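Listed below, chain by chain, are the residues.
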Amino acid sequence: MSKLEDLARKYAKPAYSAKLTVSDSCTVLESKFGGQPYFEGDSQWTCCTKCNSALFFICQVDIRQCTLASASQHFGLVQFFYCWNCYPWESEQPGWSVVNIPSPEAAKAKPVQMPPQPARGFLSKIFKRNPAQTTQCRIALLPFDSFPQLDDLEQLADNEADFLQSDEIIDEYYGLIEKLSGRSDDYSTMVGGHAEWIQGSPNAKCKTCGQRMELLMQIGSEPEARLMFGDAGAAYIMYCSQHPHDVQLYTQCF
Ligand SMILES: [Zn+2]
Ligand SMILES: [Zn+2]
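1. Thoughts on the packing of aromatic side chains
Reasoning step 1: A full pass over the atoms with the stated rule returns 15 aromatic pairs.
Reasoning step 2: Their ring planes at 85 degrees and their centres at 6.0 Å tell us that Trp 197 and Tyr 250 sit as a pair that is edge-to-face. Residue Trp 197 is located in the loop between strand E7 (190-192) and strand E8 (214-220), and its partner Tyr 250 is located in strand E10 (residues 248-252); the two are separated by 53 residues in the primary sequence.
Reasoning step 3: Trp 197 gets classed as buried once you look at its relative accessible area, which sits at 4%.
Reasoning step 4: Aromatic ring contacts, followed pair by pair, group Phe 80, Tyr 82, Trp 84, Tyr 87, Trp 89 and Phe 229 into a single cluster.

2. Here's the deal with the sheet that holds strand E1 (residues 13-22)
Reasoning step 1: If you trace the 10 strands from one edge of the open sheet to the other, you get E5-E4-E3-E2-E6-E1-E7-E8-E9-E10, paired in antiparallel fashion. The two strands at the open ends of the sheet, each matched to only one other strand, are strand E5 (96-101) and E10.
Reasoning step 2: Of the strand pairs in this sheet, strand E3 (residues 56-62) and strand E4 (residues 77-82) are connected by 6 bridges, and their pairing is antiparallel. Residue pairing in the sheet places Cys 59 in a bridge with Phe 80 of E4.

3. Details of the coordination of the zinc ion (ligand 1)
Reasoning step 1: Around the zinc ion (ligand 1), the protein contributes the donor atoms Cys 48 (SG), Cys 51 (SG), Cys 83 (SG) and Cys 86 (SG), which lie 2.3 to 2.4 Å from the metal centre.
Reasoning step 2: Look at where the donors of the zinc ion (ligand 1) fall in the sequence and you get C-x2-C-x31-C-x2-C.

4. Structural notes on the side chain of Glu 214
Reasoning step 1: Residue placement: Glu 214 occurs in strand E8.
Reasoning step 2: Only 3.4 Å separates the side chain of Glu 214 from the side chain of Lys 13, close enough to count as a polar contact.
Reasoning step 3: Every residue in contact with Glu 214, bar those within four places of it in the chain, is listed here: Lys 13, Ser 70, Ile 237, Met 238, Tyr 239 and Ser 241.

5. Section: the environment of Ser 25
Reasoning step 1: For Ser 25, the location among the structural elements is in the loop between E1 and strand E2 (32-33).
Reasoning step 2: On the basis of relative accessible area, Ser 25 is assigned to the partly exposed category, the value being 47%.
Reasoning step 3: Between the alpha carbons of Ser 25 and Gly 175 there is a distance of 39 Å; along the sequence they are 150 residues apart.
Reasoning step 4: With sequence-adjacent residues up to four places away left out, Ser 25 is seen in contact with Glu 30, Gln 136 and Arg 138.

6. Considerations on the nonpolar core
Reasoning step 1: One finds Phe 33, Ile 58, Ile 63, Phe 80, Leu 216, Met 217 and Ile 219 to be the most contacted residues of the largest nonpolar core, which totals 33 residues.
Reasoning step 2: At the level of secondary structure, the elements contributing two or more residues to this core comprise E1, E3, E4, strand E6 (137-146), E8 and strand E9 (234-239).
Reasoning step 3: Broken down by element, the residue count for this core peaks at 4 residues, all from E3.
Reasoning step 4: Of all hydrophobic cores here, the second largest spans 16 residues; its members include Ala 15, Cys 206, Ala 234 and Tyr 250.

Conventions and cut-offs
Residues numbered from 1 in each chain as written. Chains lettered and ligands numbered in written order. Predicted model: local features only at pLDDT ≥ 70, side-chain atom pairs only at ≥ 80, totals over all residues. Heavy atoms only, no water. Phe/Tyr/Trp six-rings, centres within 6.5 Å; stacked < 30°, edge-to-face > 60°. Helix = DSSP H or I, 4+ residues; strand = E, 2+ residues; numbered from the N terminus. Buried < 20%, exposed > 50% of the residue type's maximum accessible area, 1.4 Å probe, protein only. Pairing = 2+ DSSP bridges. Donors = N, O, S within 2.8 Å, 3.2 Å for Na, K, Ca; no water. Polar contact = N/O pair within 3.5 Å; in protein donor to acceptor, adjacent residues only side chain to side chain. Contact = heavy atoms within 4.5 Å. Core = buried A, V, L, I, M, F, W, Y, C linked by side-chain atoms within 4.5 Å.

This is the structure we're talking about:
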């Protein structure tokens, strides 16, 4: 085994890729894009703190089923809501919400309808442009070995990684991890593992303890769900294993 493959395997992490199938018969409990999200107790639909309109429900994933991913120790059903009016690109901006429901049950589920969007402006009425409503898709989660991108590997491996600096290594490395993972960098939805950054790693650090953050979910632009972040972009939800519920959002596109 080459030195490069050794290093790649050392930092491999279990992850799950999401396979989407359009369906109008998803339950409120299951992993899915669009449709009706799960609510329980006195929880209400979250509105955007900037524009006051209801956030759009993007997806929910039952992280408990991703038993090989370390995130499964910290999260239950994770939901992602997003404001298409404000289009936030980073954690600091309002207009997104990640909700963790530790132990959802069908018996506790409560129907909550999305509040209507506020009246729209003159131009959008003329052109009948409506904010994107995600098409409901069932998610199957398929395990695979996830490898860090080269800049993340350099950070992780630090003093073992001097040889990664050479230019020839780039093609060799990405060819190698495509072969080992069976997944090329397609930036589609996945849980756990290493983020597939479109514009390079932001080296996300926890604001509380400074520790390197891990990927909870990468949410790609998914044609089946009619979901698109910018130009074929992706949203990355990062967490700290010491402070798991203080998540950060990054969004990148081509
Ligand atoms: Zn908004
Ligand atoms: Zn932390």
